[in-house]
Amino acid sequence: MSLEVFTPKSLPPLPPGRSRYGVLGHPVAHSLSPILHHAAFQALDLDAEYLRIDVTSEQLVAAIPLLKKGGVQGWNCTLPHKSSMFSLLDDADSSALEVKSVNTVRVENGRLRGFSTDAPGWRAAVEEHWGIRPEKSRILVMGCGGVGQTLARSLAKSGCKALTLVNRDPTKAKKLFEELGSASAGRFPIRWVAWQSQDLDQALHETDLLIQGTSLGLKAEDPLPFDPSKLPPEAKIYDTVYRKDLTPLVQTARKLGYQAEDGLSMLLHQGALSFGIWTGRKAPTEKMRAALLGAAGRSP
Ligand SMILES: NC(=O)c1ccc[n+]([C@@H]2O[C@H](COP(=O)([O-])OP(=O)(O)OC[C@H]3O[C@@H](n4cnc5c(N)ncnc54)[C@H](OP(=O)(O)O)[C@@H]3O)[C@@H](O)[C@H]2O)c1
């Protein structure tokens, strides 16, 4: 497995018979996705490879013909490409249309078909951890950047008991609230509250499931995005951020007695779904999980 970082111009020749996939991002060197997919290729004895491919926002449009020429049959998109790739597709699956974001592209006869496996991957993770059905939960989405918007759009479509949005920059929370207010069509209450406000404290008190979608927690020294002790004791916390050690939020929340998980399980399940889209095979999820946990230095 190559841990090298390539660019669309520096892709090595593709050996005959081999399938090629990859992840586009900037930066991309830290991505654990190759670990996941190589474990799956190995488990199913597929002659395939998955490369880290560094592409900046400015390079994205020019990258596409180079990726096709280099034999890349499908790719994941990570920061900062999930929404810009959406406008470059020839065809969008309903999963991408629903959240206006793309994390999986499949090249079909030279045309790009886009999917988003982030929200279904997150749903599989919370179902696996806690047996939670979001439809029955009061959910607070903290962070209205890419991942927060994706999960909030998906929840607005499928429904939940109540949805609260909060973002450091309030204009983003308000804009998303205005968009989703019409998508939810009065089926459940939806609101936005200001960052670190008394309204947020009240909203935390009324939350069953908190989705942490800010980038806080990537670094061990990051402050907590909120005070978890303001949640009711039975509340669950899903931190989309993951790092080798658990995030400060997950560590603190667990010490306080909450059930809290980090984003490694979402990464696993979105990757398993992407694998199925590309190969048409059922992903060997347990082999992928073991490889991911090993790479993250965690015991299975
Ligand atoms: N587990 C997974 O599979 C998965 C998938 C996707 C993303 N993620 C995680 O989600 C995180 C966010 O990704 P993204 O694509 O949503 O990024 P993004 O679009 O850049 O959004 C970043 C978000 O973080 C907030 N933020 C950044 N610094 C902050 C600070 N110091 N205080 C408060 N809020 C801050 C931003 O708020 P402002 O708008 O106020 O700047 C915004 O809401 C990533 O770090 C990644 O680890 C995980």
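Here's a quick rundown of the structure. (Residues numbered from 1 in each chain as written. Predicted model: local features only at pLDDT ≥ 70, side-chain atom pairs only at ≥ 80, totals over all residues.)

### Quick look at the sheet that holds strand 11 (residues 209-212)
So, step 1. If you walk across this open sheet you meet the six strands as 10-9-8-11-12-13, and the pairing is parallel. Because the sheet does not close on itself, it has two edges, and the strands there are strand 10 (190-194) and strand 13 (259-261). Pairwise comparison of adjacent strand axes, ignoring direction, gives a mean angle of 15 degrees for this sheet.
So, step 2. Bridge analysis of strand 11 against strand 12 (residues 236-239) gives four bridges, and the strand direction is parallel. Note on strand 12: the bridge partner recorded for Leu-209 is Lys-236.
So, step 3. The sheet strands contacting helix 7 (residues 198-205) are strand 8 (138-142), strand 9 (162-167) and strand 10, and the helix crosses strand 10 at an angle near 135 degrees. (Pairing = 2+ DSSP bridges. Helix = DSSP H or I, 4+ residues; strand = E, 2+ residues; numbered from the N terminus. Axes fitted to C-alpha atoms, helices over the stretch in contact; angles between N-to-C directions. Contact = placed C-beta atoms within 7 Å.)

### Brief notes about helix 10 (residues 285-295)
So, step 1. If you check which residues of helix 10 are buried, you get Thr-285, Met-288, Ala-291 and Leu-292. In a view along the axis of helix 10, the buried residues occupy a sector of 130 degrees, so they form one face of it.
So, step 2. Among the structural elements, helix 1 (33-43) and helix 9 (264-279) are those in contact with the buried residues of helix 10.
So, step 3. Just past helix 10, the residue Gly-297 takes up positive phi, approximately 70 degrees. (Buried ≥ 20, exposed ≤ 12 C-beta atoms within 10 Å, placed from the backbone. Arc of directions from axis to C-beta.)

In short, the description is geometric, and any link to function would need to be established separately.
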